[in-house]
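Structural overview for review
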Amino acid sequence: MMTEVDRNQKPETRNQKKRGRIFVLSAPSGCGKTTLLKRLLRDKELKLVHSISMTSRPPREDEKEGIDYFFLSKEAFMEKMAKGEFLEWEENFGNFYGTPRGLVENAIKAGENIIFSIDVKGAMSIRKAYPGRSTLIFILPPSLEALEERLKKRKTDESYIISNRLKIAKDEIVYKDKYDYSIVNDNLAGAYKKLKKIITSI
Ligand code: ADP
Ligand code: 5GP
């Protein structure tokens, strides 16, 4: 709630209070999280810093090193893990995924707003590491049938991986109640509008 003191502050001082926030997007694979994230990062009104994860998964055709992920071998990932270089890490679909500590700590020090696109367990770890600073947003598919259709159309996974992703999706959707917000990505423009409204209102 805005107090009298807040109202009397100059707008730029009020805006400064909104800095150094953390937004975490999670969704079962194929729900459109990456599509929404890319839109957010392109949106000049938002100035969000992307927490670029490291992964031992090989890059997909359209993915770029240092933009979508930092790609590295399993061995190199485990070495970093042992040195405590990750704020959090998880194993998904036989590959490792982790948040490099340095990027996040530097962005927070600089008062920048950061966005994460990570799984449900990672989201819980981030909230625990930065309580009070984090807003967790869950993206849902219109239905499991629609999700299967999107994964097939994306053509990045073999059918056994798609079946696995769908099985995991059912388990992940249970977590949505632990999030601050959930958005159904049925219509992309509508879902983006809701997402942006949440981010700008915090
Ligand atoms: P995720 O990052 O959650 O795995 P993606 O962003 O890769 O998902 O989206 C999965 C597929 O669904 C992509 O081919 C994307 O273009 C498509 N997609 C995303 N949002 C929508 C939507 N609202 N309606 C239909 N297709 C969508
Ligand atoms: P994908 O292979 O589809 O890019 O990602 C698989 C899953 O790993 C997704 O749910 C994605 O959000 C998650 N993920 C990506 N990076 C990280 C990370 O740094 N930490 C955690 N915990 N999960 C991640």
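Residues numbered from 1 in each chain as written. Chains lettered and ligands numbered in written order. Predicted model: local features only at pLDDT ≥ 70, side-chain atom pairs only at ≥ 80, totals over all residues. Heavy atoms only, no water.

Neighbouring ligand 2 are 18 residues; K33, S53, Y69, E88 and Y97 lie closest to it. Side-chain polar atom of S53 to an oxygen atom of ligand 2: 2.7 Å apart, as the coordinates give it. E88 has a polar side-chain atom sitting 2.7 Å from a nitrogen atom of ligand 2. Protein chains shield 95% of the accessible area of ligand 2, which is 510 Å² for the free molecule. Counting only elements with at least two residues in the shell around ligand 2, the list comes to strand 5 (86-92) and strand 6 (95-100). In terms of residue class, the shell around ligand 2 is made up of four nonpolar, seven polar and seven charged. (Near = heavy atom within 4 Å. Polar contact = N/O pair within 3.5 Å; in protein donor to acceptor, adjacent residues only side chain to side chain. Areas by Shrake-Rupley, 256 points an atom, 1.4 Å probe, with all protein chains shown as cover. Helix = DSSP H or I, 4+ residues; strand = E, 2+ residues; numbered from the N terminus. Nonpolar A, V, L, I, M, F, W, Y, C, P; charged D, E, K, R; others polar.)

Spatially, five strands are ordered 2-7-1-8-9 in an open sheet, and the strand pairing comes out parallel. Where the open sheet ends on each side, the last strands, each with one partner, are strand 2 (49-50) and strand 9 (181-184). Pairing between strand 1 (residues 22-26) and strand 7 (residues 114-117): four bridges, direction parallel. Pairing of V24 across the sheet is with F116, part of strand 7. Against the sheet, helix 5 (residues 101-109) engages strand 1, strand 2 and strand 7, with an angle of about 155° to strand 7. (Pairing = 2+ DSSP bridges. Contact = heavy atoms within 4.5 Å. Axes fitted to C-alpha atoms, helices over the stretch in contact; angles between N-to-C directions.)

Around ligand 1 sit 14 residues in total, of which G30, T34, T35, R154 and N185 are the nearest. At 3.3 Å, a backbone N or O of C31 approaches an oxygen atom of ligand 1. Protein coverage of the free-state accessible area of ligand 1, which is 560 Å², stands at 74%. Listing elements by their share of the shell around ligand 1, those giving two or more residues are helix 3 (33-42) and helix 7 (144-154). Per element, the largest residue contribution to the shell around ligand 1 is three residues, and it comes from helix 3. Of the residues that constitute the shell around ligand 1, the class distribution is three nonpolar, seven polar and four charged.

This brings us to the sheet that holds strand 5. One open sheet holds the four strands; their spatial order is 4-3-6-5, and the pairing between them is mixed. Since the sheet does not close on itself, it has two edges, and those belong to strand 4 (70-71) and strand 5, each with one partner. Where strand 5 and strand 6 come together, six bridges link them in antiparallel fashion. Among the inter-strand pairings, E90 is bridged to a residue of strand 6, identified as Y97. Relative to strand 6, helix 4 (residues 74-82) is tilted by about 45°, and along the sheet it contacts strand 3 (54-55), strand 5 and strand 6.

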